[in-house]
Amino acid sequence: MIIEVTDGRLCLINYESLTMGAQFPDVSLPEAHLQDCVFELSNGLYTCRTVQMNNVEERLDTAPELDFIIEFTLTDDGGEPWHHIPWFESECN
């Protein structure tokens with residue numbers, strides 16, 4: 001997947017906060033409890049790759065563990081950033 005950073009920062013946000021921000025005008029994103037999900041990244045196009053490190057559904061303990069790694073690689077391959085969810089359009093047809 002390719003994403004475009006345009007304001008020098010990126011926020012990894014959960015679906016619940018995204019829908020709250022869309023429904024209620026007094027909710028601004030990122031919400032206070034998600035400030036640690038915002039990080040600085042130079043403007044540009046990035047290839048984004050998510051790697052699942054273990055099966056979180058099989059874990060019985062609650063000890064913190066690295067579940068996912070998200071890699072961002074600056075690219076100039078001319079790829080287009082997503083403007084919609086690619087699989088959603090195919091499900092609607």
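Residues numbered from 1 in each chain as written. Predicted model: local features only at pLDDT ≥ 70, side-chain atom pairs only at ≥ 80, totals over all residues. Heavy atoms only, no water.

K.L.:
For this particular structure, what's the right way to read the pairing of strand S4 (residues 44-52)?
P.N.:
Two faces, one strand: in a regular strand the side chains alternate between the faces of the sheet. Note that strand S1 (residues 2-5) and S4 share 4 bridges and pair antiparallel. When the sheet's bridge partners are listed, Ile3 is paired in S4 with Tyr46. Direction of pairing for S4 relative to strand S5 (residues 68-75): antiparallel, over a ladder of 8 bridges. Within S5, the residue paired with Cys48 across the bridge is Phe72. (Pairing = 2+ DSSP bridges. Helix = DSSP H or I, 4+ residues; strand = E, 2+ residues; numbered from the N terminus.)

K.L.:
I keep staring at the pattern of salt bridges and nothing clicks. Help me out?
P.N.:
Scanning the entire structure with this criterion turns up 1 salt bridge. Between Arg49 and Glu71 there is a salt bridge, with the nearest N and O atoms lying 2.8 Å from each other. Pair noted here: Arg49 is in strand S4 and Glu71 is in strand S5, with a separation of 22 residues, a long-range link. Taking the relative accessible area as the measure of exposure, Arg49 reaches 46% and is therefore partly exposed. (Salt bridge = Lys/Arg side-chain N within 4 Å of Asp/Glu carboxyl O. Buried < 20%, exposed > 50% of the residue type's maximum accessible area, 1.4 Å probe, protein only.)

K.L.:
Can you help me understand the nonpolar core in this one?
P.N.:
Generally speaking, soluble globular proteins have nonpolar side chains that are buried together. Counting residues in hydrophobic clusters, the biggest one holds 5 residues: Ile3, Val5, Leu10, Leu41 and Tyr46. Once residues within four sequence positions are removed from consideration, Tyr46 is found in contact with Met1, Ile2, Ile3, Val5, Leu41, Phe72, Thr73, Leu74 and Thr75. (Core = buried A, V, L, I, M, F, W, Y, C linked by side-chain atoms within 4.5 Å. Contact = heavy atoms within 4.5 Å.)

K.L.:
Is there a simple way to think about the environment of Leu29 in this case?
P.N.:
Position of Leu29 among the secondary structure elements: in the loop between helix H1 (15-23) and strand S3 (38-40). Among the residues examined, Leu29 registers a relative accessible area of 38% and is labelled partly exposed. Placed 12 residues apart in sequence, Leu29 and Ser17 show a C-alpha to C-alpha distance of 7.6 Å.

K.L.:
Looking at this model, I keep getting lost on a nonpolar patch on the surface. Mind explaining?
P.N.:
On the surface, a nonpolar cluster with roughly 400 Å² of combined accessible area is contributed by Ile13, Tyr15, Leu18 and Leu29. By the secondary structure assignment, Ile13 is in the loop between strand S2 (9-11) and H1. (Patch = residues over 30% accessible without salt bridge, like charges linked within 9 Å, V, L, I, M, F, W, Y side chains within 5 Å. Areas by Shrake-Rupley, 256 points an atom, 1.4 Å probe, with all protein chains shown as cover.)

K.L.:
I tried to follow the packing of aromatic side chains on my own but got confused; where do I start?
P.N.:
The description of an aromatic ring pair rests on the distance of the ring centres and on the angle between the ring planes. Following the criterion strictly, the structure yields 1 aromatic pair and no others. Ring geometry for Phe39 against Phe72: centres 5.7 Å apart, planes inclined by 50 degrees, an arrangement best described as tilted. Placement of the pair is Phe39 in strand S3 and Phe72 in strand S5, with a sequence separation of 33 residues. Since its relative accessible area comes to 27%, Phe39 is described here as partly exposed. The class for Phe72 is partly exposed, based on a relative accessible area of 22%. (Phe/Tyr/Trp six-rings, centres within 6.5 Å; stacked < 30°, edge-to-face > 60°.)

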